[in-house]
Amino acid sequence: MKKFVQIAFLLIGGALGLVFLPPLYELLHLSSNPWLDNPYVSVALGALLLFTLSFAFSDYFVRLISWMEEVLFKVPIGDLLFGTLGLIIGLIVAYFLGFAIDSIGFPIITKVLPIILSFVLGYLGFRVGFKKRDELIQLFTLRGNNTKKKASEGVEPQEVRGSYKLLDTSVIIDGRIADISETGFIEGTLVVPQFVLTELQHIADSSDTLKRTRGRRGLDILKKLQDERMTKVQITEEDFEDVQEVDLKLVRLAKKMENDTQIVTNDFNLNKVCELHHVKVLNINDLANAVKPVVIPGEDMQVMVIKDGKEHNQGVAYLDDGTMIVVEGGRSYIGQAITVTVTSVLQTSAGRMIFAKPKDD
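The rules we used
- Residue numbers restart at each chain and count upward from 1, following the sequence in its written direction.
- Per-residue local features are limited, in this predicted model, to residues with pLDDT of at least 70; the limit for side-chain atom pairs, both in listing and counting, is 80 or more; totals at the level of whole chains, interfaces and linings are taken over all residues.
- Side-chain measures here rest on the full set of heavy atoms in the structure, leaving out hydrogens and waters.
- Secondary structure elements follow DSSP: runs of H or I no shorter than four residues count as helices, runs of E no shorter than two count as strands, and numbering proceeds from the N terminus.
- For this analysis, residues touch if any pair of their heavy atoms sits within 4.5 Å.
- Here the Shrake-Rupley method, with its probe set to 1.4 Å, supplies the accessible areas, and only the displayed protein chains count as covering residues.
- For two strands to be treated as a pair, DSSP must find at least two bridges joining them.
- Angles shown run from 0 to 180 degrees and are taken between the N-to-C directions of axes, each axis being a line fitted to C-alpha atoms and, for helices, limited to the stretch in contact.
- The classification of residues rests on relative accessible area computed with a 1.4 Å probe and restricted to protein chains. Under 20% of the type maximum is buried, over 50% is exposed, and intermediate values are partly exposed.
- Side-chain atoms within 4.5 Å are what join buried Ala, Val, Leu, Ile, Met, Phe, Trp, Tyr and Cys residues into a set we call a nonpolar core.
- We count a salt bridge whenever a side-chain nitrogen from Lys or Arg sits within 4 Å of a carboxyl oxygen from Asp or Glu.
- Just so you know how the angles are binned, under 35 degrees is roughly parallel, over 145 roughly antiparallel, 65 to 115 roughly perpendicular, and the rest oblique.
- If you view the pair so one helix is near and one far, a crossing is left-handed when the near helix is turned anticlockwise from the far one by less than a right angle, and right-handed when it is turned clockwise.
- Residue polarity is assigned by list, with Asp, Glu, Lys and Arg as charged and Ala, Val, Leu, Ile, Met, Phe, Trp, Tyr, Cys and Pro as nonpolar; anything else, Gly included, falls into the polar class.
- Centres within 6.5 Å are what make two rings of Phe, Tyr or Trp a pair, Trp counting through its six-membered ring; a difference in plane orientation under 30 degrees is then read as stacked, over 60 as edge-to-face, and the rest as tilted.

Below, the discussion takes up the overall build of the protein chain. Each helix and strand counted, the protein chain has 12 helices and 10 strands in total. Summarising the internal contacts of the protein chain: among those between residues at least 6 apart in sequence, 62% fall at separations of at least 24. Accessible surface, the protein chain as shown: approximately 23400 Å² in total, 62% of it carbon and sulfur.

Our next topic: the sheet that holds strand β4 (residues 262-265). Pairing between the strands of a sheet comes from backbone hydrogen bonds, and it takes one of two forms, parallel or antiparallel. Spatial ordering of the open sheet is given by β3-β2-β1-β4-β5, a layout of 5 strands whose pairing is parallel. Taken across any chain shown, the strands that pair with only one partner, and hence form the sheet edges, are β3 (232-236) and β5 (281-283). Each neighbouring strand pair of the sheet contributes to a mean axis angle of 30°, computed without reference to strand direction. Relative to strand β2 (residues 189-193), strand β1 (residues 164-167) is paired through 3 bridges, and the arrangement is parallel. Across the sheet, residue Tyr164 finds its bridge partner in β2, namely Thr189. Contacts from helix α8 (residues 194-204) reach β1, β2 and β3, with the element oriented near 60° to β2.

The subject of this paragraph is unusual backbone geometry. A positive phi is found at His278, a non-glycine position, where the angle reads about 60°. Positionally, His278 belongs in the loop between α11 (268-276) and β5. Relative accessible area serves as the criterion here: at 73%, His278 is assigned to the exposed category. Phi at Asn313 is positive, roughly 65°, even though this residue is not glycine.

Counting 36 residues, the largest nonpolar core has Leu167, Ile172, Ile177, Leu225 and Ile263 as the members making the most contacts within it. Within the second largest apolar cluster, 12 residues are counted, among which are Val295, Met301, Val303 and Ile325.

As a further point, take the pattern of salt bridges. Evaluated as defined, the whole model comprises 8 salt bridges. A salt bridge links Arg176 to Asp174; its shortest N-O distance comes to 2.7 Å. On the basis of relative accessible area, Arg176 is assigned to the partly exposed category, the value being 29%. Looking at Asp174, the relative accessible area reads 24%, which means it is partly exposed. Close ionic contact of Lys256 with Glu238 constitutes a salt bridge, the shortest N to O distance being 2.5 Å. Taken together, the residues Lys256 in helix α10 (residues 246-256) and Glu238 in the loop between β3 and α10 connect sequence positions 18 residues apart.

Structurally, Glu245 can be placed in the loop between β3 and α10. The exposure class assigned to Glu245 is partly exposed, which follows from its relative accessible area of 46%.

Here we come to the packing of α8 against α10. The contact between α8 and α10 brings their axes to 10 Å, and the two run at 160°. The angle between α8 and α10 places the two elements in the roughly antiparallel class. Helix-helix and strand crossings are classified by hand; for α8 and α10 the assignment is left-handed. Contacts between α8 and α10 involve Phe195, Val196 and Glu199 on the former and, on the latter, Val246, Lys249, Leu250 and Leu253. A class-by-class count of the residues in the contact of α8 with α10 yields 5 nonpolar, no polar and 2 charged.

Locating Asn271 in the fold gives a position in helix α11. Accessibility expressed as a relative area gives 4% for Asn271, which makes it buried. The residues contacting Asn271, other than those within four sequence positions of it, are Val281, Asn283 and Asp286.

The subject of this paragraph is the packing of aromatic side chains. The final tally for this structure, using the stated rule, is 1 aromatic pair. Taking 5.7 Å as the distance between ring centres and 75° as the angle between the ring planes, the aromatic pair formed by Tyr95 and Phe96 counts as edge-to-face. For Phe96, a relative accessible area of 55% corresponds to the exposed category.

Just distances and angles here, no functional claims.
Here you go:
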């Protein structure tokens with residue numbers, strides 16, 4: 001790289017010598033000298049001068065290029081591509097504005113203002129292309145799909161909005177999202193932010209055995225989601241450095257993305273936070289409760305009382321799906337299979353609880 005920088009200095013020096021040395025000779029009244037006022041000599045002097053300077057500054061340029069390489073390698077290729085397209089569009093706009101500025105007539109303005117516009121519009125174009133990548137991809141995708149639909153069906157295409165599902169850490173570790181996705185009930189694209197992956201990695205590297213197992217399970221679930229063909233999984237590098245909590249980052253990311261973006265979770269507290277921020281949320285526990293068999297008060301069922309409850313003389317039993325049954329007066333039946341009569345059912349986003357009492361003989 002150092003040799004490359006020195007060769008670049010050599011070529012640039014030759015070009016600058018050819019352009020700037022002849023006017024300098026005239027200014028110093030040296031243009032009458034045939035040895036100096038010669039394009040080959042000008043190129044040689046300019047190249048020699050900058051090549052000499054390259055030995056003093058090449059190390060700094062090598063560090064600069066290495067730093068730029070490191071930054072560019074970390075940037076996703078999609079962000080880089082759309083940022084470059086935005087930069088080109090900004091420079092084209094600045095170029096055409098330069099024609100209008102030429103008509104002003106003031107030499108200072110006509111020479112300085114186009115340069116300033118090129119920097120400003122080029123930077124703005126790069127930032128817009130970089131930040132709006134997902135929206136631009138979505139726009140072109142929707143237009144392409146609508147055109148194909150119109151050509152194939154011969155009808156006016158309807159606008160179809162993309163659907164994104166943001167996965168939080170708890171629902172990935174839970175694992176049921178993989179089974180739901182495999183059945184085809186999840187529409188759209190599953191989006192996993194990089195900060196959620198980072199949290200999963202920290203959990204998987206924890207010294208606590210239980211946490212480590214849960215973190216590795218979450219990574220396995222993500223791999224399973226990527227391998228299956230029913231749902232597309234996308235990992236986004238979008239992050240919010242000013243926020244530390246992962247839940248708040250998810251809420252802000254959902255707001256920044258399209259209106260149809262939903263957060264998929266089984267965290268009751270995150271569910272409430274999303275409702276406060278008017279962010280759409282899909283709670284896996286709500287889905288699990290919805291597909292559970294309906295239990296009606298007055299219905300009889302056979303249960304095994306396994307432990308005592310919190311209140312006096314209560315017993316606790318569980319259904320096969322994990323639903324807890326609180327049996328009034330069931331403490332004396334611990335370890336026995338008895339028939340109980342359902343008295344009431346309490347169902348919330350945190351789960352379902354059934355209250356029952358022993359059936360009288």
